[in-house]
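In case you want the letters, here they are:
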Amino acid sequence: MAVTRTLTIIKPDGVAQNNIGDVLRTFEENKFKIVAMKMLRLTKQQAEGFYAVHRGKPFFESLTTFMSSGRIVVMVLEGEDAINRLRAVMGATNPANAAEGTLRKRFATSIEHNIIHGSDAPDTAAFEIGYFFSEMEIVS
Ligand code: CMP
């Protein structure tokens, strides 16, 4: 299986709940290499740009308001089959459907406040990594 990169965000709820350490520990335990990381607070417009594929969906307004409501931690992870493995570690979007032991099962409180984002495919990973990081900021 090829080594690939994915973009992950600890969302405002995860930062506010002090889950940064839990998430980083989980990444390290699961053999993800953190090759870029920064803390940000998005503007509403920056959140809308990041989630542009969801524009027009009923949850878009609420999602982008939430994502610009507080500090977030953005990272690039590298590893074998990183996109799919990260999705498995995160668990289902809706924590009510997330498997036992996943990050969302452990810490998320609703489908919107689900503590973490991960890219869902290679093309979205490329867009999302480029949204936050230049190649110079990725250290592998
Ligand atoms: P995320 O992986 O960041 O991608 C889009 C986000 O929209 C998703 O996680 C959820 O937090 C949020 N969201 C809110 N409502 C819904 C919904 N009904 N269906 C899917 N995603 C939703």
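Please read all numbers here as calculations on a predicted model, not as lab measurements.

Asker: Hey, could you go over the site of the ligand for me, with residue numbers and the actual values?
Answerer: Inspection of the region around the ligand gives Lys 11, Tyr 51, His 54, Phe 59, Leu 63, Thr 93, Arg 104, Ile 111, Glu 112, Asn 114 and His 117 as its neighbouring residues. One of the side-chain N or O atoms of Lys 11 is found 2.7 Å from an oxygen atom in the ligand. Contact between the ligand and Asn 114: an oxygen atom at 3.3 Å from a side-chain N or O atom of the residue. Protein contacts shield 77% of the accessible area of the ligand, which totals 450 Å² for the unbound molecule. In this structure, the ligand is accommodated by the largest pocket. Residues of the shell around the ligand, tallied by class, amount to four nonpolar, four polar and three charged.

Asker: Explain the pattern of salt bridges to me, using residue names and the numbers behind them.
Answerer: Counted according to the given criterion, the structure contains six salt bridges. The salt bridge partner of Glu 135 is Arg 5, with a shortest N-O separation of 3.2 Å. Separated by 130 residues along the polypeptide, Glu 135 in the segment after helix H7 (122-132) and Arg 5 in strand E1 (residues 3-10) bring together distant segments of the chain. Accessibility expressed as a relative area gives 25% for Arg 5, which makes it partly exposed. Put simply, Lys 38 and Glu 137 hold a salt bridge, and the shortest N to O gap is 3.4 Å. Of this pair, Lys 38 sits in strand E2 (residues 33-40) while Glu 137 is found in the segment after H7, placing the two residues 99 residues apart along the sequence. On the basis of relative accessibility, which here comes to 22%, the residue Lys 38 falls in the partly exposed class. For Glu 137, a relative accessible area of 38% puts it in the partly exposed group.

Reading the values: rules and limits
- Residues numbered from 1 in each chain as written.
- Predicted model: local features only at pLDDT ≥ 70, side-chain atom pairs only at ≥ 80, totals over all residues.
- Heavy atoms only, no water.
- Near = heavy atom within 4 Å.
- Polar contact = N/O pair within 3.5 Å; in protein donor to acceptor, adjacent residues only side chain to side chain.
- Areas by Shrake-Rupley, 256 points an atom, 1.4 Å probe, with all protein chains shown as cover.
- 1 Å grid on protein atoms, 1.4 Å probe; cavity = no way out; pocket = protein on both sides within 12 Å on 5 of 7 lines; lining within 4 Å.
- Sits in = over half its atoms within 2 Å of the grid points.
- Nonpolar A, V, L, I, M, F, W, Y, C, P; charged D, E, K, R; others polar.
- Salt bridge = Lys/Arg side-chain N within 4 Å of Asp/Glu carboxyl O.
- Helix = DSSP H or I, 4+ residues; strand = E, 2+ residues; numbered from the N terminus.
- Buried < 20%, exposed > 50% of the residue type's maximum accessible area, 1.4 Å probe, protein only.

Remember, this is a structural readout, not a statement about activity or role.
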